[in-house]
Amino acid sequence: MASILNYSYIFNFEQDFEHTEIKTWMEEHWRAVCMYASGLYMLVIFGGQAYMANRPKLELRGMLTFWNIALALFSIMGTARTLPEFIHTYSTQGFYHTLCVPSF
């Protein structure tokens, strides 16, 4: 039995999220999604290397610092959003339920 936590604020996209539609779409399209994402990744990596082969290096220290700070803030917000659910499920339902049973 899934319990509903009393979050202090629930975003609209969380409240209105219908997981069955997304799950069905992903079950039907996961191969194409993975292939396109992998192809785009390969194109960016190898195309970027070829493009930059004869060019001077870019000074990206400031941009990379910003990226790392933004990624750290995103990770902190994600942890703050998911940790209460994880702790509650682990303490009330146990290890197996926490990892193997979807809560939606």
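Scope of this entry: the structure provided in the associated data block.

Conventions adopted
- Throughout, residues of each chain are indexed from 1 in the direction in which the sequence is written.
- Two thresholds apply to this predicted model, a pLDDT of at least 70 for residue-level local features and 80 or more for giving and counting side-chain atom pairs, whereas whole-chain, interface and lining totals are computed over all residues.
- Calculated side-chain values reflect all of the structure's heavy atoms, with hydrogen atoms and water omitted.
- By the criteria applied, helices consist of DSSP H or I runs no shorter than four residues and strands consist of E runs no shorter than two, each listed in order from the N terminus.
- When a residue's accessible area, from a 1.4 Å probe over protein chains only, is under 20% of the maximum for its type it is buried; when over 50% it is exposed; and in between it is partly exposed.
- Note that accessible areas follow from Shrake-Rupley with a 1.4 Å probe, and for residues the cover is restricted to the protein chains shown.
- Each pair of aromatic rings taken from Phe, Tyr and Trp, with Trp reduced to its six-membered ring, is defined by centres within 6.5 Å and is described as stacked if the planes are under 30 degrees apart, edge-to-face if over 60, and tilted in the remaining cases.
- Here, over-ring charges are defined by two tests on the NZ atom of lysine or the CZ atom of arginine: distance to the ring centre within 6 Å, and angle to the ring normal within 35 degrees.
- The span one expects for a helix is its residue count, reduced by one, times 1.5 Å.
- What the bend at a residue measures is the angle between two axes, fitted to the seven residues ending there and to the seven starting there.
- Patch membership requires more than 30% relative accessible area and the absence of a salt bridge. Residues of like charge join within 9 Å; the nonpolar side chains Val, Leu, Ile, Met, Phe, Trp and Tyr join within 5 Å.
- For salt bridges, the criterion is a side-chain nitrogen of Lys or Arg within 4 Å of an Asp or Glu carboxyl oxygen.

**Side note on the overall build of the protein**
Scanning the protein for helices and strands turns up four helices and zero strands. For the protein, with 104 residues in total, the buried portion stands at 4%. Carbon and sulfur atoms make up 68% of the accessible area of the protein, which totals about 9,800 Å².

**Remarks on the packing of aromatic side chains**
A complete count under the given rule lists one aromatic pair for this structure. Arranged with centres 6.1 Å apart and planes meeting at 10 degrees, the rings of phenylalanine 86 and tyrosine 90 form a pair that is stacked. Taken together, the residues phenylalanine 86 and tyrosine 90, both in helix α3 (residues 61-93) and four residues apart, mark about one turn of the helix. The cationic tip of arginine 55 hangs over the ring face of tyrosine 51; the distance from NZ or CZ to the ring centre is 3.9 Å.

**Remarks on helix α2 (residues 19-52)**
In an α-helix, one turn spans 3.6 residues; hence positions three or four apart end up facing the same way. Under the 1.5 Å per step criterion, the end-to-end length of α2 is only 42 Å for 34 residues, more than 12% shorter than the ideal 50 Å. At histidine 29, α2 shows its strongest bend, of approximately 65 degrees.

**Observations regarding the side chain of threonine 89**
The residue threonine 89 is located in helix α3 in this model. When its relative accessible area of 11% is taken as the criterion, threonine 89 is described as buried.

**Structural notes on a nonpolar patch on the surface**
There is a patch of nonpolar side chains on the surface, built from Leu40, Tyr41, Met42, Leu43, Val44, Ile45 and Phe46 and spanning about 740 Å² of accessible area. In this structure, tyrosine 41 sits in helix α2. Tyrosine 41 gets classed as exposed once you look at its relative accessible area, which sits at 54%.

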